[in-house]
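Spelled out, the chains give:
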Amino acid sequence: GHDQAVQSMTWSHHGEFMVSADKTGIIKYWMNNMNEVKKFQGHKDSVRALSFAPSDLKFVSAGDDCVIKLWDFETGKEERQLSGHHWDVKVCVRVCV
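First, a word on scope: everything that follows refers to the structure included in this document. (Residues numbered from 1 in each chain as written. Predicted model: local features only at pLDDT ≥ 70, side-chain atom pairs only at ≥ 80, totals over all residues. Heavy atoms only, no water.)

## Focus: the overall build of the chain
Part 1 of the argument: When helices and strands are tallied, the chain shows zero helices and eight strands.
Part 2 of the argument: Intrachain contacts of the chain at a sequence separation of at least 6 include 35% that bridge at least 24 residues.
Part 3 of the argument: A total of about 5,500 Å² of accessible surface is found on the chain, and carbon and sulfur atoms cover 52% of it. (Helix = DSSP H or I, 4+ residues; strand = E, 2+ residues; numbered from the N terminus. Contact = heavy atoms within 4.5 Å. Areas by Shrake-Rupley, 256 points an atom, 1.4 Å probe, with all protein chains shown as cover.)

## A short note on the nonpolar core
For soluble globular proteins, nonpolar side chains are generally found buried alongside one another.
Part 1 of the argument: Membership of the largest hydrophobic core is limited to 11 residues, which are Val19, Ala21, Ile27, Tyr29, Phe40, Val47, Leu50, Phe52, Phe59, Trp71 and Phe73.
Part 2 of the argument: Those elements giving two or more residues to this core turn out to be strand E2 (17-22), strand E3 (26-31) and strand E5 (47-52).
Part 3 of the argument: Here the element with the most residues in this core is E5; it accounts for three residues. (Core = buried A, V, L, I, M, F, W, Y, C linked by side-chain atoms within 4.5 Å. Buried < 20%, exposed > 50% of the residue type's maximum accessible area, 1.4 Å probe, protein only.)

## Quick look at the pattern of salt bridges
Part 1 of the argument: Under the definition given, this model contains five salt bridges.
Part 2 of the argument: Arginine 48 is paired through a salt bridge with aspartate 64; the nearest N and O atoms lie 2.9 Å apart. Of the two residues, arginine 48 is situated in strand E5 and aspartate 64 in the loop between strand E6 (58-63) and strand E7 (68-72); the sequence distance between them amounts to 16 residues.
Part 3 of the argument: Relative accessible area serves as the criterion here: at 31%, arginine 48 is assigned to the partly exposed category.
Part 4 of the argument: Residue lysine 58 pairs with glutamate 79 through a salt bridge whose shortest N-O separation is 2.8 Å. Taken together, the positions of lysine 58 in strand E6 and glutamate 79 in strand E8 (residues 78-82) put the pair 21 residues apart, joining distant regions of the chain.
Part 5 of the argument: Each member of the salt-bridge network shares a partner with another, and the members are Lys58, Asp72 and Glu79. (Salt bridge = Lys/Arg side-chain N within 4 Å of Asp/Glu carboxyl O.)

## Thoughts on the pairing of strand E4 (residues 36-41)
Part 1 of the argument: Bridging between E3 and E4 involves five bridges; their strand directions are antiparallel. When the bridges of E4 are listed, tyrosine 29 appears paired with lysine 38.
Part 2 of the argument: The loop that links E3 with its antiparallel partner E4 comprises four residues; one of these, methionine 34, has a positive phi angle of about 75°. (Pairing = 2+ DSSP bridges.)

## Considerations on the packing of aromatic side chains
Part 1 of the argument: Taken as a whole, this structure holds nine aromatic pairs when the rule is applied.
Part 2 of the argument: When the centroid spacing of 5.9 Å and the interplanar angle of 45° are considered together, the rings of phenylalanine 52 and phenylalanine 59 count as tilted. Across this residue pair, the class does not change: phenylalanine 52 and phenylalanine 59 are buried.
Part 3 of the argument: An aromatic cluster is built from Phe17, Tyr29, Phe40, Phe52, Phe59, Trp71 and Phe73, whose rings are joined through pairwise contacts. (Phe/Tyr/Trp six-rings, centres within 6.5 Å; stacked < 30°, edge-to-face > 60°.)

Below, the structure is given as structure tokens:
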């Protein structure tokens, strides 16, 4: 599991994976049987929201570091960063990519 409090989680639309994130910015992937399959530092601070694209190929995360990030689900690599928010980002909307 996470070493710090979980701040956000979401299931993929197909129900095969769950993504969770904690107050240190760690993002984790889980299979639907709760086996952890990936872990990485997604943000510098707490992640407040996660949302999958309808295809489940991408997801977005929003955090207290004032950044929204677009991720490739398979690779776990950041594809785009939306910065310039001058306050914590606590919600994110569904990505249509």
